[in-house]
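Secondary and tertiary structure notes
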Amino acid sequence: MFELNETHDPALKSWIASANDPGDFPLQNLPFGVFRRKGQNEAFRVGVAIGDQVLDISAAQTAGVFSGPAARAAAACSAPALNAFMAMGPAAWSALRFALSQILRQNSPLADRLHGCLVAQNHAEHALPAHIGDYSDFYASIHHATSVGRLMRPDNPLLPNYKWVPIAYHGRGSSIRVSGQEFRRPIGQILPPGAQAPVVVPSKRIDYELELGVFIGAGNELGDRIAIGDAEAHVFGLCLLNDWSARDIQAWEYQPLGPFLAKSFATTISPWIVTLEALAPYRLPWNHPSGDPQPLSYLDSPMVRSAGAIDIELEVLIETARMRRAGEAPQTLSRSNFRHAYWSVFQMLTHHTLNGCNLASGDLLGSGTQSGPTAAEAGSLLELTVGGKQPLMLANGETRSFLDDGDAVIMRGWCEKADYARIGFGELVGRVMPADGA
Ligand code: CA
């Protein structure tokens, strides 16, 4: 649906010098977010990351640099959230991206008008990019599902529905925050090993989950379905997502209806949404391994087969309080890639509406923990420490089975391909604080 076009040309340079340096935000990326100047009591507004700057879309509109469809799209960005712009659909998104690519290019005659529309990213703070009305979290990595299943059911790690249905649960939208989120270690009902009755105590097994978030563009009416052939047109873009999880609360509560308080205390997303159009060069063929069931027809299409997967390299790092005090750099815990997902973003979206469930602009889908095929590519501590039984030794001598108070978890994501620009998602950071009363 999003064909490669001149906005993906790797030779393009910007008059903003930092956009031409290696980094996440070259001219070929142009991710959207919501920001304001740090420490200023001013309204949040829509911006686009370019190099180490943010371009204020409304200020650029006022400067008169947009016309036609791009101007109408920019007008929808004069809000503290992206929902109205997301609802306009791919033609509007594409028109604004094309205009941004032109006005930010080297030798653009409009550069002089735009200098006053830039805010340095290190002088900006973010709000959630959209009002998230609903949030569903999928389980699309078969490697994660298998290794977590093995911890709970050694003889039967993967349940028989997994290869047929994109599994998900309905998550909690109200506790999603943007990068920088700090949250108190949750208290919950926990069954101590060997005990007959649960106790109510702070969780001892706080974990992260390395995920992608998918923002819905235009939604669908209640009762209507989004066909797989139309699914791309409903995906605005992707962000990084950390689905913080309290494993001891989860172990006691999850049967028979799935996660509840083990997940709903905090979810963190990156401030920038990389659009599906920006991701066009990094799409890959999707398939199930031979011997596995092939997708039911409503989840299958030539687009899914030729370009249903997305090549996004993922990394998760830890910065403990001790590392922070010592000025040490965060330490990588694992790396993975979204290309390993068992289900495509488009299959998740289409399956979500199979029963007529309505999606709305700004709704968020989580991809599920993106663990790769090897143990070292696991996207959670639960997997990396084999259920807490094999603690990790950090370079400074600290050990971790699960997260301690003061630990910050940092997630990064980026796309690289020969003959294309490298684009990235920026950083997602969140921190565990002591439990209430602790
Ligand atoms: Ca999850």
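Here's a quick rundown of the structure. Sequence order sets the numbering: in each chain, residues are counted from 1 along the sequence as written. Owing to the predicted nature of the model, reporting of local features is limited to residues with pLDDT of at least 70; listing and counting of side-chain atom pairs is limited to 80 or more, with chain, interface and lining totals taken over all residues. To get the side-chain values, take all heavy atoms of the structure and skip hydrogens and water.

**Observations concerning the coordination of the calcium ion**
Under ideal tetrahedral coordination, the four donors around a metal are separated by 109.5 degrees; under ideal octahedral coordination, the six donors are separated by 90 or 180 degrees. Here is the rule we go by: Atoms of type N, O and S within 2.8 Å of a metal are treated as its donors, and for Na, K and Ca the window is 3.2 Å; water is not considered, so some sites may appear to be missing partners. Helix numbers and strand numbers start at the N terminus; a helix is a DSSP run of H or I with at least 4 residues, a strand a run of E with at least 2.
Distances from the calcium ion to its protein donors, Asp 137 (OD), Glu 209 (OE), Glu 211 (OE) and Asp 243 (OD), fall at 2.2 to 2.3 Å. Mapping the donors of the calcium ion onto the primary sequence yields the spacing D-x71-E-x1-E-x31-D. Of this pair, Asp 137 sits in strand β6 (residues 135–138) while Glu 211 sits in strand β13 (residues 210–216), placing them 74 residues apart in sequence.

**Considerations on the pairing of β6**
Here is the rule: With a 1.4 Å probe rolled over the protein chains alone, any residue whose accessible area is under 20% of its type maximum counts as buried; one over 50% counts as exposed, and the rest are partly exposed. Think of it this way: DSSP has to see at least two bridges between two strands before they count as a pair.
What you see with β6 is no split at all: Tyr 135 and Asp 137 on one side and Ser 136 and Phe 138 on the other are buried throughout. Pairing of β6 with strand β22 (residues 364–366) involves three bridges; the strand directions are parallel. Directly across from Tyr 135, in β22, lies its bridge partner Leu 364. Strand direction decides the pairing type here: β6 and strand β7 (residues 168–170), joined by three bridges, are antiparallel. Bridging from a neighbouring strand, Phe 138 pairs with Ala 168 of β7.

**Observations concerning the sheet that holds strand β21 (residues 331–337)**
For the record, the criterion: For helices, the fitted line uses only the C-alpha atoms of the stretch in contact; every axis is such a line through C-alpha atoms, and the angle between N-to-C directions lies from 0 to 180 degrees.
Spatial ordering of the open sheet is given by β9-β26-β25-β20-β21, a layout of five strands whose pairing is mixed. In this open sheet, the two strands that pair with only one neighbour each are β9 (181–184) and β21. If you compare each strand with its neighbour and ignore which way they point, the axes differ by 20° on average. Across six bridges, the pairing between strand β20 (residues 313–319) and β21 is antiparallel. Note on β21: the bridge partner recorded for Ile 318 is Gln 331.

**What about the sheet that holds strand β4 (residues 118–120)?**
In space, the five strands of this open sheet follow the order β4-β3-β2-β1-β5, with antiparallel pairing throughout. The open sheet has two free edges, formed respectively by β4 and β5 (124–127), since each of these has just one partner strand. Going across the sheet, the axis of each strand differs from the next one's by a mean of 50°, ignoring polarity. Note: strand β3 (residues 53–56) against β4, three bridges, orientation antiparallel.

**Things to note about the packing of aromatic side chains**
Here is the rule: Stacked, tilted and edge-to-face are the three classes assigned to paired rings of Phe, Tyr and Trp, where Trp is represented by its six-membered ring and a pair needs centres within 6.5 Å; plane angles under 30 degrees give stacked, over 60 edge-to-face, the rest tilted.
Evaluated as defined, the whole model comprises 11 aromatic pairs. Ring plane angle 25° and centroid distance 6.5 Å describe the contact between Trp 286 and Trp 343, whose orientation is recorded as stacked. On the criterion of sequence distance, the pair formed by Trp 286 in the loop between β18 (283–284) and α8 (302–307) and Trp 343 in the loop between β21 and α10 (345–352) is long-range, its members being 57 residues apart. You'll find Trp 286 and Trp 343 in the same group, each marked buried.

**Structural notes on helix α4 (residues 90–103)**
Test applied: In a helix, the anticipated span is given by 1.5 Å times the number of residues less one.
With 14 residues, α4 ought to run about 20 Å at 1.5 Å a step, and its terminal C-alpha atoms sit 20 Å apart, in line with that. Of all 14 residues that make up α4, 10 are buried, and the element is covered over most of its length. Those residues of α4 lying buried are Pro 90, Ala 92, Trp 93, Ala 95, Leu 96, Arg 97, Ala 99, Leu 100, Ser 101 and Ile 103.

**Concerning helix α6 (residues 142–152)**
Convention followed: When checking whether two residues touch, look at their non-hydrogen atoms; a contact exists if any pair is within 4.5 Å.
What α6 keeps buried is the set Ile 142, His 144, Ala 145, Thr 146, Val 148 and Gly 149. Each element contacted by the buried residues of α6 is listed here: α11 (381–384).

**Section: the nonpolar core**
To keep it simple, the criterion reads: Here, the term nonpolar core denotes a set of buried Ala, Val, Leu, Ile, Met, Phe, Trp, Tyr and Cys residues that are joined through side-chain atoms within 4.5 Å.
Membership of the largest hydrophobic core comes to 69 residues, with the highest contact counts inside it found for Tyr 208, Leu 238 and Ile 312. Ignoring anything within four residues of it in the chain, the contact list for Leu 238 reads Leu 212, Gly 213, Val 214, Trp 272, Ile 273, Val 274, Leu 279, Ile 310, Ile 312, Phe 338 and Phe 425.

**Brief notes about the pairing of strand β26 (residues 423–433)**
Of the strand pairs in this sheet, β9 and β26 are connected by four bridges, and their pairing is parallel. When the sheet's bridge partners are listed, Arg 184 is paired in β26 with Met 433.

**As for the environment of Tyr 162**
What counts is decided by this rule: As used in this structure description, the phrase polar contact means that two N or O atoms lie within 3.5 Å; if the pair is within protein, one of them must be able to donate a hydrogen and the other to accept it, and residues adjacent in sequence are counted only when both atoms belong to side chains.
Here Tyr 162 shows up in the loop between α6 and β7. Owing to a relative accessible area of 2%, Tyr 162 belongs among the buried residues under this scheme. Taking the C-alpha atoms as reference, Tyr 162 lies 9.7 Å from Thr 146; in sequence the two are 16 residues apart. A distance of 3.3 Å separates a polar atom in the side chain of Tyr 162 from the backbone oxygen of Ser 141.

**Focus: the side chain of Asp 24**
Tracing the backbone shows Asp 24 in the segment before β1 (32–37). Leaving out residues up to four positions away in the same chain, Asp 24 has contacts with Asn 29, Arg 422, Ile 423, Gly 424, Phe 425 and Gly 426.

**Structural notes on the pattern of salt bridges**
The line we're drawing: Here, a salt bridge means any side-chain nitrogen of Lys or Arg that lies within 4 Å of a carboxyl oxygen of Asp or Glu.
One pass over the structure, following the stated rule, counts 24 salt bridges. Across the pair Asp 24 and Arg 422 runs a salt bridge whose closest N-O atoms are separated by 2.7 Å. Remark: Arg 422 occurs in the loop between β25 (408–415) and β26 and Asp 24 occurs in the segment before β1; sequence separation between them is 398 residues. For Asp 24, a relative accessible area of 19% puts it in the buried group. The partner of Glu 42 in a salt bridge is Arg 37, with the nearest N and O atoms 2.7 Å apart. When salt bridges with common partners are traced through the structure, they connect Asp 207, Glu 209, Asp 243, Arg 247 and Lys 263 into a single cluster.

**So, the packing of helix α2 (residues 68–75) against α4**
As a reminder of what qualifies: An angle counts as roughly parallel when it lies under 35 degrees, as roughly antiparallel when it exceeds 145, as roughly perpendicular when it falls between 65 and 115, and as oblique in every other case. The residue classification treats Ala, Val, Leu, Ile, Met, Phe, Trp, Tyr, Cys and Pro as nonpolar and Asp, Glu, Lys and Arg as charged. All others, Gly included, are polar.
α4 packs onto α2 with a crossing angle of 105° between their chain directions and a minimal axis gap of 8 Å. By the angle between their axes, α2 is roughly perpendicular relative to α4. On α4, the residues touching Pro 69, Ala 70, Ala 73 and Ala 74 of α2 are Ala 92, Ala 95, Leu 96 and Ala 99. Here the residues of the contact of α2 with α4 sort into eight nonpolar, no polar and no charged.

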